[in-house]
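Each chain is listed here by its residues.
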Amino acid sequence: MKKPVYPNLFKPLKVDGLNFKNRITMAPLYLGYAESGGKVSPLMLYHYKLMAQSGAALIVVENSSITPEGSGSPRTLRCDNDRYINGLERLAMAINGEKTLAALQVNHAGRFAYVDEPVAPSAVKTFGRTPRALTKKEITNIQKQYAKACLRVKKAGFDLVELHGGTGYLLSGFLSPRTNRRKDGYGGDIENRIRFPLEVLKRVKDLVGDFPVGYRFLADEWLPDGLHLDESTVLAKALEENGVAYISVMGGTYESFLLPEIVRKSGKPGYMVSLAHAVKKEVRVPVIAAGRISTPSRAEKILKEKKADLIGLARMLWVDPEWPVKAKKGQDRSIVKCNPKCDACTKLATQGRPAFCPRWNKEHREGYRELFM
Ligand SMILES: Cc1cc2nc3c(=O)[nH]c(=O)nc-3n(C[C@H](O)[C@H](O)[C@H](O)COP(=O)(O)O)c2cc1C
Ligand code: SF4
C-alpha cells in the first residue's frame, strides 16, 4: 500500500468518545451568512455543507448567541430560544450528511455585544463604550442561559458544543486582569477569575450529561496589561480536570487585533501555534492549533513535533475547501491561499455584511452570492 504523504495529519483520533477521521477541523468563522435576526439561512446551509464536504473531521460552526443581549451582530446565529432548534437541526444534518462531525460554538459577546447597554465583569471602557458590571444574580442567570443553549445544541443533533472563551467576549472577559476588576469571588487573583468560566462549564455539563463540550481558549491577550500564558494555563488545567473534550487555542482580542505589531504577527504562517504548544505542555486533553496553517506540510510538522493534536483551519478552509483533499494527495502547491495583506472577510463580517473572498473563482463566488438574502 502507498504510504500517506502526511501520516500524522490523516491519523484518526478519539476525542471524548467521538471518532475523528483525521486531524483536520474547521475553526469557527463568522461570515455574516445567518438571516438578519440570527436564524439559519439557505446560504448558511450551502456554506457548511461545502465545508463538510472538504473531508475535515470536524466542522465547528461559528459563534451563536446564548441570549439576545449577548449577540455580536444582527447576523449572528442564535441558540437562545427553542424556536431556533429547527434551523440548527438542518445545519447539523447538512454537516453530518457528509459524514463529518458537527459542533456549534456558543457565545455571550459581553462588552462587544451589539446592544445599547453591554454587560461585562466590570465597567471598563472599551472603544468609547463603558459596559455595565454584572450583578451576582445576573451572573447566575447567564450561566443558566449557557446551559440551556448547550442543551438546545444537543437537541438539534450536533455531535458536540464549543464554549467560546476567546476574542475578549464574556468568558474571557472574566479571565482578564484588564477587564475583570471585581472585588467579589469572581475577581482578584486568577483562582477567582477562572470561577465564572468553570461554573459555566459545570452547569453546562450537569444539564447536557453525556455530550462532549469543547472550549475555545484565549491563551494570551497580546496586551501588556492583559492575560498571559502564566495565568491562562491555570484555566487550561482546570478545564481539563472538569472534563472538556478539547482546548482550541487562540490569541488576541478586538483591542489587540488592530495593533500594528499584532497585524504583522497575524500575517505570519502558524502565528498562534506557539500558544497552542505552550498549552499542550500543561494538559493531556487534545489541543487544537489554528492561525494561518496554510499548507498541509506545515500542519504535518506541527503534529509531528507534538505542538498540537488537531489542526484548526478557518479562513484557510473557506478560501480553499479542497485543502484536505489536496493534502491527502500531497498537492500543497495547488492550494489557494489566503492573502495575508487582505482583511476583506473580517471587515465585511464585522460590518454585519456577508463575506465573499476575492481569491475565489467566478463560479465559486456566484454559488455564494446567489443564495444571499
Ligand atoms: C472573519 C472571522 C470570523 C471569525 N469568527 C470566529 C468565531 O465565530 N469564533 C471563534 O472562536 N473564532 C472566530 N474567528 C477566529 C478563527 O477561528 C481563527 O482562529 C483565525 O481566523 C485564525 O485561523 P485562520 O488563519 O485559519 O483563519 C474568526 C476569524 C475571522 C477572520
Ligand atoms: S483572502 Fe481576504 S477575504 Fe479571503 S480569506 Fe483571506 S483575508 Fe479573508
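Preceding this paragraph is the structure being described.
The text that follows walks through the structure, step by step, so that each part is easy to find. (Residues numbered from 1 in each chain as written. Chains lettered and ligands numbered in written order. Predicted model: local features only at pLDDT ≥ 70, side-chain atom pairs only at ≥ 80, totals over all residues. Heavy atoms only, no water.)

Structural notes on the site of ligand 2
In step 1: Taken together, Arg315, Trp318, Cys338, Asn339, Cys342, Ala344, Cys345, Cys357, Pro358 and Arg359 make up the full set of residues near ligand 2.
In step 2: Taken together, the elements giving at least two residues each to the shell around ligand 2 come down to α12 (315–319) and α14 (344–350).
In step 3: Of the residues in the shell around ligand 2, the class split is seven nonpolar, one polar and two charged. (Near = heavy atom within 4 Å. Helix = DSSP H or I, 4+ residues; strand = E, 2+ residues; numbered from the N terminus. Nonpolar A, V, L, I, M, F, W, Y, C, P; charged D, E, K, R; others polar.)

Observations regarding the site of ligand 1
In step 1: The environment of ligand 1 is made up of 18 residues, and the closest members are Pro28, Asn63, Gln105, Arg292 and Arg315.
In step 2: Here an oxygen atom of ligand 1 and a backbone polar atom of arginine 292 are 2.7 Å apart.
In step 3: Relative to its unbound accessible area of 610 Å², ligand 1 is 90% covered by the protein chains.
In step 4: For the shell around ligand 1, the secondary structure elements donating two or more residues are β4 (58–65) and α12. (Polar contact = N/O pair within 3.5 Å; in protein donor to acceptor, adjacent residues only side chain to side chain. Areas by Shrake-Rupley, 256 points an atom, 1.4 Å probe, with all protein chains shown as cover.)

What to know about a positive patch on the surface
In step 1: Among the surface-exposed residues, Lys136, Lys144, Lys148 and Arg203 lie close enough to one another that they form a single positively charged patch.
In step 2: Ranked by residues supplied to the positive patch, first place goes to helix α3 (residues 136–155) with three residues.
In step 3: One can find lysine 144 in helix α3.
In step 4: Owing to a relative accessible area of 44%, lysine 144 belongs among the partly exposed residues under this scheme. (Patch = residues over 30% accessible without salt bridge, like charges linked within 9 Å, V, L, I, M, F, W, Y side chains within 5 Å. Salt bridge = Lys/Arg side-chain N within 4 Å of Asp/Glu carboxyl O. Lys, Arg positive; Asp, Glu negative; His and termini not counted. Charge placed at Lys NZ, Arg CZ, Asp CG, Glu CD. Buried < 20%, exposed > 50% of the residue type's maximum accessible area, 1.4 Å probe, protein only.)

Digging into the packing of aromatic side chains
In step 1: Applying the stated criterion to the full structure yields 16 aromatic pairs.
In step 2: Relative to tyrosine 169, the ring of phenylalanine 112 has its centre 6.1 Å away and its plane inclined at 80 degrees; by these criteria the two rings are edge-to-face. Residue phenylalanine 112 is located in the loop between β6 (101–107) and β7 (119–120), and its partner tyrosine 169 is located in the loop between β9 (160–165) and α4 (170–175); the two are separated by 57 residues in the primary sequence.
In step 3: Its relative accessible area of 8% is what places tyrosine 169 among the buried residues.
In step 4: Here phenylalanine 112 and tyrosine 254 contribute two aromatic rings whose centre-to-centre distance is 4.9 Å and whose plane-to-plane angle is 75 degrees, an arrangement assigned as edge-to-face. Residue phenylalanine 112 is found in the loop between β6 and β7, and its partner tyrosine 254 is found in helix α8 (residues 254–257); the two are separated by 142 residues along the sequence.
In step 5: Relative accessible area serves as the criterion here: at 14%, phenylalanine 112 is assigned to the buried category.
In step 6: Taken together, the aromatic side chains of Tyr33, Tyr46, Trp318, Phe356, Trp360 and Tyr368 make up a single cluster linked through ring pairs. (Phe/Tyr/Trp six-rings, centres within 6.5 Å; stacked < 30°, edge-to-face > 60°.)

Quick look at the pairing of strand β12 (residues 287–290)
In step 1: Both faces of β12 are covered, namely the face carrying Val287 and Ala289 and the face carrying Ile288 and Ala290.
In step 2: In this sheet, β12 lies alongside strand β11 (residues 247–251) in parallel orientation, the contact comprising two bridges. Residue pairing for β12: isoleucine 247 is matched across the bridge by valine 287.
In step 3: Relative to strand β13 (residues 310–313), β12 runs parallel, the two sharing three bridges. Across the sheet, residue alanine 290 finds its bridge partner in β13, namely glycine 312.
In step 4: Of the crossover connections in this fold, the one passing from β12 over helix α11 (residues 296–304) to the parallel β13 is right-handed. (Pairing = 2+ DSSP bridges. Right-handed = clockwise from strand over helix to strand, strands pointing away.)

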